[in-house]
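Commentary on secondary and tertiary structure
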Amino acid sequence: QVQLVESGGGLVQAGGSLRLSCAASGLTFRTYSMGWFRQVPGKEREFVAAISWSGSRRFYADSMKGRFTISRDNAKNTVYLQMNSLKPEDTAVYYCAADRLDVEFPGRPDEYDYWGQGTQVTVSS
């Protein structure tokens, strides 16, 4: 049974930082591309970042470039999202997702096969 468990969310002031983690189990992690998405109530899920299985390719939504960094540790079956210079508009539930194929369309939710339950990030002004 595949499980993706996010952690590291919370409340932070604008300009602060958070590091999200997503621990994977039940799959051969090193062969999966991984992505982060976020969602606020009433809106569609929004692409944040993605990383290929080897970590050699990384993709970011334009609004996150320079502020967010995605990384992975295949030995720990974990993908990370370092978020710096947070803004109130970054407030959302953040989800990690796993793609059994090498990432081709990182921004498309239907690219991904498995999803975590999400972790809340709240940025106060």
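Before any of the text, the structure's been laid out above.
First, a word on what this report is: a plain description of the structure on this page. Please read all numbers here as calculations on a predicted model, not as lab measurements. (Residues numbered from 1 in each chain as written. Predicted model: local features only at pLDDT ≥ 70, side-chain atom pairs only at ≥ 80, totals over all residues. Heavy atoms only, no water.)

Once that is clear, we can look at the nonpolar core. Ranked by size, the top nonpolar core spans 34 residues in total, and within it Met 34, Trp 36, Leu 81, Met 83 and Tyr 94 carry the most contacts. Counting only elements with at least two residues in this core, the list comes to strand S3 (18-25), strand S4 (33-39), strand S5 (46-51), strand S7 (68-73), strand S8 (78-83), strand S9 (92-99) and strand S11 (119-124). The contacts of Leu 81, once residues within four sequence positions are left out, are Leu 18, Arg 19, Leu 20, Trp 36, Val 48, Ala 49, Phe 68, Thr 69, Ile 70 and Tyr 94. (Core = buried A, V, L, I, M, F, W, Y, C linked by side-chain atoms within 4.5 Å. Buried < 20%, exposed > 50% of the residue type's maximum accessible area, 1.4 Å probe, protein only. Helix = DSSP H or I, 4+ residues; strand = E, 2+ residues; numbered from the N terminus. Contact = heavy atoms within 4.5 Å.)

Right, let's talk about the packing of aromatic side chains for a bit. The final tally for this structure, using the stated rule, is 5 aromatic pairs. Note on Phe 37 and Phe 47: the rings are 5.6 Å apart at their centroids and 70° apart in plane angle, and the pair reads as edge-to-face. You can see Phe 37 sitting in strand S4 and its partner Phe 47 sitting in strand S5, a full 10 residues away along the chain. Of the two residues, Phe 37 and Phe 47, neither departs from the other in class, the shared state being buried. The rings of Phe 37, Phe 47, Tyr 112 and Trp 115 are connected pair by pair, giving a single aromatic cluster. If you follow Arg 45 out to its NZ or CZ, it ends over the ring of Trp 115, 4.7 Å from the centre. It is Arg 108 that lies over the ring of Phe 105; its NZ or CZ is 4.8 Å from the centre. (Phe/Tyr/Trp six-rings, centres within 6.5 Å; stacked < 30°, edge-to-face > 60°. Lys NZ or Arg CZ within 6 Å of the ring centre and 35° of its normal.)

Now for the side chain of Glu 6. On the secondary structure map, Glu 6 appears in strand S1 (residues 3-7). No salt bridge is formed by the buried Glu 6; its nearest oppositely charged neighbour, Arg 45, is found at 7.5 Å. Within the structure, Glu 6 has its side chain in polar contact with the backbone nitrogen of Cys 96 (distance 2.9 Å). In terms of polar contacts, Glu 6 uses its side chain to reach the backbone amide nitrogen of Gly 118, at 2.9 Å. Residue contacts for Glu 6: discarding those within four places in its chain leaves Ser 21, Cys 22, Trp 36, Tyr 94, Tyr 95, Cys 96, Gly 116, Gln 117, Gly 118 and Thr 119. (Lys, Arg positive; Asp, Glu negative; His and termini not counted. Salt bridge = Lys/Arg side-chain N within 4 Å of Asp/Glu carboxyl O. Polar contact = N/O pair within 3.5 Å; in protein donor to acceptor, adjacent residues only side chain to side chain.)

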